[in-house]
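# A closer look at the structure
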Amino acid sequence: MQNKLNRSRVKSGPDCEKIELADSCGVRLIYCQDCQVVELEIGAVCVRLCPDVIQRMANVMMKASLELEHLAAVSNKLPTQARPQMIH
Ligand SMILES: [Zn+2]
């Protein structure tokens, strides 16, 4: 990893200093220091996000994951009411 002293104002280019934050299950997160943007790659889809959005997204994902676990647990315990209820 090299430190760039001369920062160009070019938004996105091949010279961008990119750091891989995470790479697993087909999801890759790359931070571009030059643009101060996090690139979220899901398969062929790439989304550019503000770094502070990542934290919020992680919280939302965690919430969704817990909700899914809860739904799975409920439907396992109550096979007669396997259909998930709408939750507001
Ligand atoms: Zn960049």
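Scroll up a little and you will see the structure.
As the structure is a prediction and not an experimental result, all values here were calculated from the model. (Residues numbered from 1 in each chain as written. Predicted model: local features only at pLDDT ≥ 70, side-chain atom pairs only at ≥ 80, totals over all residues.)

## Structural notes on the environment of valine 47
Note the following rule: Secondary structure is summarised from DSSP: a helix means a run of H or I of at least four residues, a strand means a run of E of at least two, and numbering begins at the N terminus for each.
By the element assignment, valine 47 lies in strand β4 (residues 45-49). Each C-alpha atom, one on valine 47 and one on leucine 29, is 9.6 Å from the other, the two residues being 18 residues apart in sequence.

## Some points on the pairing of strand β1 (residues 18-24)
This is how the line gets drawn: Burial in this document is a count-based property: other C-beta atoms within 10 Å of a residue's C-beta are tallied, and the residue is buried at 20 or more, exposed at 12 or fewer, or partly exposed in between, with C-beta positions derived from the backbone. Whether two strands pair depends on DSSP finding at least two bridges between them.
Buried residues are scarce in β1, accounting for zero of its seven residues. For β1 and strand β2 (residues 27-32), the ladder comprises six bridges, and the chain directions are antiparallel. Across the sheet, serine 24 pairs through a bridge with valine 27, a residue of β2. Linking β1 back to β2 in an antiparallel pair, the connection comprises two residues, with cysteine 25 at a positive phi of about 55°.

By themselves these figures say nothing about function.
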